[in-house]
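Each chain, letter by letter, is given below.
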Amino acid sequence: MAILEVKDFKAFRELEGKAIPTGDWLTITQEMINDFAKATMDFQWIHVDVEKAAKYSPFKKPVAHGFMSVSLLAKLLGDSVHVKSVKMGVNYGLNKVRFPSPVLVDSKVRLSGRVSKIEDYGENGLRITWNCEVEIKGSEKPACVAEFISLMFE
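Residues numbered from 1 in each chain as written. Predicted model: local features only at pLDDT ≥ 70, side-chain atom pairs only at ≥ 80, totals over all residues. Heavy atoms only, no water.

1. Brief notes about the environment of G66
(1) Moving on: You can see G66 is positioned in helix α5 (residues 66-71).
(2) Moving on: Along the chain, G66 and R98 lie 32 residues apart, while their C-alpha atoms are 8.8 Å from each other. (Helix = DSSP H or I, 4+ residues; strand = E, 2+ residues; numbered from the N terminus.)

Okay, here's the thing in structure tokens:
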């Protein structure tokens, strides 16, 4: 997938209400899940104990943390859309977050979404509301559905 590059805020505003390019597939590895567990100190066996998950989990393998799916939004958005004039971007918040389906280790995920709303923020910024869906390859249900709000500054 080619990243959608726009020159500046004026060009970016034209994306309001429109879909963004669907991202490339990203494989969720056990190493990524373990690293997320270390960062969040959430070592529940369903995530990090491969042998116990194989024996006791209804999925028969480890699953990624739900919050890992939502944490990937900034990276997945950055891989889909680039505003060349932006000096800095930050996460602002989330609305309506749901985790409809677990992400099993070695699953492939990707982002589909749209720019729902663009608002001025301060003198040189924008507040963007993105409607995001983290799809799982081969699954009817997504890993995560969320309204993600970010700020960009020129």
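Don't stop here, the text continues.
2. Digging into the pattern of salt bridges
(1) Moving on: Tallying each qualifying case throughout the model produces seven salt bridges.
(2) Moving on: Linking K75 and D79 is a salt bridge whose minimum nitrogen-to-oxygen distance equals 2.4 Å.
(3) Moving on: Put simply, K117 and E119 hold a salt bridge, and the shortest N to O gap is 3.7 Å.
(4) Moving on: K117 gets classed as partly exposed once you look at its relative accessible area, which sits at 40%.
(5) Moving on: Classification of E119 by relative accessible area gives partly exposed; the value is 24%. (Salt bridge = Lys/Arg side-chain N within 4 Å of Asp/Glu carboxyl O. Buried < 20%, exposed > 50% of the residue type's maximum accessible area, 1.4 Å probe, protein only.)

3. Focus on the side chain of Q30
(1) Moving on: Locating Q30 in the fold gives a position in helix α2 (residues 30-40).
(2) Moving on: Residue classification places Q30 among the buried positions, given a relative accessible area of 16%.
(3) Moving on: If sequence neighbours within four positions are ignored, Q30 has contacts with H47, V48, V50, P62 and V105. (Contact = heavy atoms within 4.5 Å.)

4. Quick look at the state of the cysteines
Working definition of a disulfide: a covalent bond connecting the sulfur atoms of two cysteines.
(1) Moving on: The tally for this structure, following the rule as stated, stands at zero disulfides.
(2) Moving on: Among the cysteines around C132, which has no disulfide bond, C144 carries the closest sulfur, lying 7.9 Å off.
(3) Moving on: Residue C144 is classed as buried on the basis of its relative accessible area, which comes to 1%. (Disulfide = S-S within 2.5 Å.)

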